Amino acid sequence: MAGNSFGTLFKLVSFGESHGKAIGGVIDGCPAGIELNLEHIQKELDRRKPGQSKIVTQRKEPDVVEFYSGIFEGQTTGTPIGFAIHNTNQKSHDYSHIKDQYRPSHADYTYDKKYGVRDYRGGGRSSARETASRVVAGAIAKQFLKGVTIQAYVSAVGNIVLNKPYQELDLSLSETNIVRCPDPEMAKTMEDYIKQIRKEGDTVGGVISCVIKNVPVGLGEPAFDKLHAELGKAMLSINAVKGFEYGSGFEGSKLKGSQHNDLFNEDGSTQTNMSGGIQGGISNGMDIYFNVAFKPVATIMQKQETINDKGEKVEMQGKGRHDPCVVPRAVVIVEAMAAMVLADYLLMARTNKM
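Residues numbered from 1 in each chain as written. Predicted model: local features only at pLDDT ≥ 70, side-chain atom pairs only at ≥ 80, totals over all residues. Heavy atoms only, no water.

1. What about the nonpolar core?
Side chains of nonpolar character tend, in soluble globular proteins, to be buried together.
Okay, so step 1: Of all hydrophobic cores here, the largest spans 82 residues; its most connected members are Ile-212, Met-235, Phe-290, Phe-294 and Val-334.
Okay, so step 2: No other element matches the 16 residues that helix H7 (residues 327–349) contributes to this core.
Okay, so step 3: Those residues in contact with Phe-294 that lie beyond four places of it in its chain are Gly-205, Gly-206, Ile-208, Ile-238, Asn-239, Ala-240, Val-241, Val-326, Val-327, Ala-330 and Val-334. (Core = buried A, V, L, I, M, F, W, Y, C linked by side-chain atoms within 4.5 Å. Buried < 20%, exposed > 50% of the residue type's maximum accessible area, 1.4 Å probe, protein only. Helix = DSSP H or I, 4+ residues; strand = E, 2+ residues; numbered from the N terminus. Contact = heavy atoms within 4.5 Å.)

2. Regarding the packing of aromatic side chains
Okay, so step 1: This model, assessed by the stated rule, comprises 5 aromatic pairs.
Okay, so step 2: Seen from their ring centres, Tyr-102 and Tyr-109 are 5.3 Å apart, and the 90° between their planes marks the pair as edge-to-face.
Okay, so step 3: With relative accessibility at 6%, the residue Tyr-102 sits in the buried group. (Phe/Tyr/Trp six-rings, centres within 6.5 Å; stacked < 30°, edge-to-face > 60°.)

3. Structural notes on the sheet that holds strand E7 (residues 81–86)
Okay, so step 1: The strand order across the open sheet built from 5 strands is E1-E2-E3-E7-E4, with neighbouring strands paired in antiparallel fashion. Of all strands in the sheet, those with a lone pairing partner are strand E1 (5–6) and strand E4 (65–67), marking the two edges.
Okay, so step 2: Where E1 lies against strand E2 (residues 11–16), 2 bridges are found, and the strand directions are antiparallel. Looking at the pairing, Phe-6 lines up with Leu-12 of E2.
Okay, so step 3: Along the sheet, helix H1 (residues 38–48) contacts E4 and E7; its crossing angle with E4, the most-contacted strand, is approximately 145°. (Pairing = 2+ DSSP bridges. Axes fitted to C-alpha atoms, helices over the stretch in contact; angles between N-to-C directions.)

4. A short note on helix H5 (residues 227–236)
The periodicity of an α-helix, 3.6 residues per turn, causes residues three or four places apart in sequence to face the same way.
Okay, so step 1: Counting buried positions along H5 gives 7 out of 10 residues, so the element sits mostly inside the fold.
Okay, so step 2: Considered for burial, the residues of H5 that qualify are Leu-227, His-228, Glu-230, Leu-231, Gly-232, Ala-234 and Met-235.

5. Structural notes on the sheet that holds strand E11 (residues 241–246)
Okay, so step 1: Pairing in this open sheet of 5 strands is antiparallel, and the strands run E9-E8-E10-E14-E11 from one edge to the other. Looking at which strands have only one partner, the edges of the open sheet turn out to be strand E9 (160–161) and E11.
Okay, so step 2: Bridge count for strand E10 (residues 206–213) against strand E14 (residues 288–294) is 7 bridges, and the pairing is antiparallel. Its bridge partner being in E14, Ser-209 is matched across the sheet by Asn-291.
Okay, so step 3: Sheet strands touched by H5: E11 and E14. Its angle to E11, the strand with the most contacts, is close to 160°.
Okay, so step 4: Each of strand E8 (149–157), E10 and E14 is contacted by H7, which is oriented at about 145° to E8, the strand it contacts most.

6. Some words on the side chain of Asp-344
Okay, so step 1: Checked against the element boundaries, Asp-344 lands in helix H7.
Okay, so step 2: No salt bridge forms around the buried Asp-344; measuring N to O, its nearest opposite-charge neighbour Lys-11 is 8.5 Å away.
Okay, so step 3: From its side chain, Asp-344 meets the backbone nitrogen of Thr-8 in a polar contact 2.7 Å long.
Okay, so step 4: Excluding residues that lie within four positions of it along the chain, Asp-344 makes contacts with Gly-7, Thr-8, Leu-9 and Phe-10. (Lys, Arg positive; Asp, Glu negative; His and termini not counted. Salt bridge = Lys/Arg side-chain N within 4 Å of Asp/Glu carboxyl O. Polar contact = N/O pair within 3.5 Å; in protein donor to acceptor, adjacent residues only side chain to side chain.)

7. Side note on the packing of H5 against H7
Okay, so step 1: Remark: H5 packs on H7, axes separated minimally by 9 Å, with the N-to-C direction vectors making an angle of 145°. With respect to the hand of their crossing, H5 and H7 are arranged in right-handed fashion. Facing H5, whose interface residues are Leu-227, Glu-230, Leu-231, Ala-234 and Met-235, H7 presents Val-334, Met-337, Ala-338, Val-341, Leu-342 and Tyr-345.
Okay, so step 2: When grouped by side-chain class, the residues that make up the contact of H5 with H7 number 10 nonpolar, no polar and 1 charged. (Left-handed = near helix turned anticlockwise from the far one by under 90°. Nonpolar A, V, L, I, M, F, W, Y, C, P; charged D, E, K, R; others polar.)

8. Some points on the packing of H1 against helix H3 (residues 131–144)
Okay, so step 1: With their axes 9 Å apart at the nearest point, H1 and H3 run at an angle of 140° to one another. The angle between H1 and H3 falls in the class oblique. Once H1 is placed against H3, the crossing between them reads as right-handed. Together, His-40, Ile-41, Glu-44, Leu-45, Arg-47 and Arg-48 of H1 and Thr-131, Ala-132, Val-135, Val-136, Ala-139, Ile-140, Lys-142 and Gln-143 of H3 make up the contact between the two elements.
Okay, so step 2: Per-class residue counts for the contact of H1 with H3 are 7 nonpolar, 3 polar and 4 charged. (Parallel < 35°, antiparallel > 145°, perpendicular 65-115°, else oblique.)

9. Structural notes on the environment of Pro-104
Okay, so step 1: Summarising the element assignment, Pro-104 is placed in the loop between E7 and helix H2 (108–115).
Okay, so step 2: Pro-104 sits in the partly exposed class, given a relative accessible area of 23%.
Okay, so step 3: As for Pro-104 and Thr-306, which are separated by 202 residues in sequence, their C-alpha atoms are 6.5 Å apart.

10. Observations concerning the pairing of E7
Okay, so step 1: Counted residue by residue, E7 has 5 buried out of 6 residues, so it is predominantly covered.
Okay, so step 2: Sheet topology places E4 next to E7; 3 bridges connect them, and they run antiparallel. What sits directly across from Val-65, in E7, is Ile-85.

11. Points about the pairing of E2
Okay, so step 1: In E2, alternate side chains face the same way, and those of Leu-12, Ser-14 and Gly-16 are buried while those of Lys-11, Val-13 and Phe-15 on the opposite face are not.
Okay, so step 2: Linking E1 back to E2 in an antiparallel pair, the connection comprises 4 residues, with Gly-7 at a positive phi of about 110°.
Okay, so step 3: One ladder, built from 6 bridges, connects E2 with strand E3 (residues 22–28); its direction is antiparallel. By the bridge assignment for E3, Gly-16 is matched with Ile-23.

Okay, structure coming up:
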């Protein structure tokens, strides 16, 4: 299986399966001399871990990260940073009923046809549990990106949409509720809706918005490695993501050029920010903002018709512990992937000119 690494200079190679002994990774290319707050890295993992509230999967995993290399006396050494997160609460028998069946909208069918073998226990490598490794790498990248702030939040659950620009929100309120929405009233509405969806044995999707401030001018390459293209790749690599838009996004296509152009101030900043902080694939110093759309979790507690590995029609029903809505736990994953992209491009920018 190829494609288990992300990044060019700041690179993560992840390993492990949902129901194996551990998941983890190796971070290659992290500069030496970065003062690391290991407690903060663990707190980032705690934002992603299962069992943290009543509206997420009740799998109980401490998700404690152990580092094996690349860190000495609280600093990065410049050598590969190896780490692992041990799985402690697997219930593989919850998946025995789908051993020979393909769950609708899961990776079961494509994995089986591509590799001729699949780990049906929680989806194996296709499980979103793999994203814990990304959170560790992203937490380290954040500590490298001094001065840059990355804040993601839930802006929609199903048809419940927070229609306020981020400038009107106090994004620090996102971590004060279990939905991770910075509007307390809207967060309660979203929470109640997710609970109702869970009672129905169903799932619902949503949208995570992300705002990145204090990005230096000049990150990104103008042709195939545009900054927004890499951010899009990063977000679309996250499990369950179905869409990515930055700046004015799809709504911008409805405007005239005279409405959409960002006019300059004398200091190089712009009066508006339809560009989303990126022009010509390169950061311009304005806020970078984007939306990431997540589909409903594919495993539902309702009966569905599917096929087995013999091509026969069968009936199946989800079992075990699953998220009714993935977006509250995915907020930190979006931040982590954004941080890795920026760390990578910041290192590349050091080679651009004398």
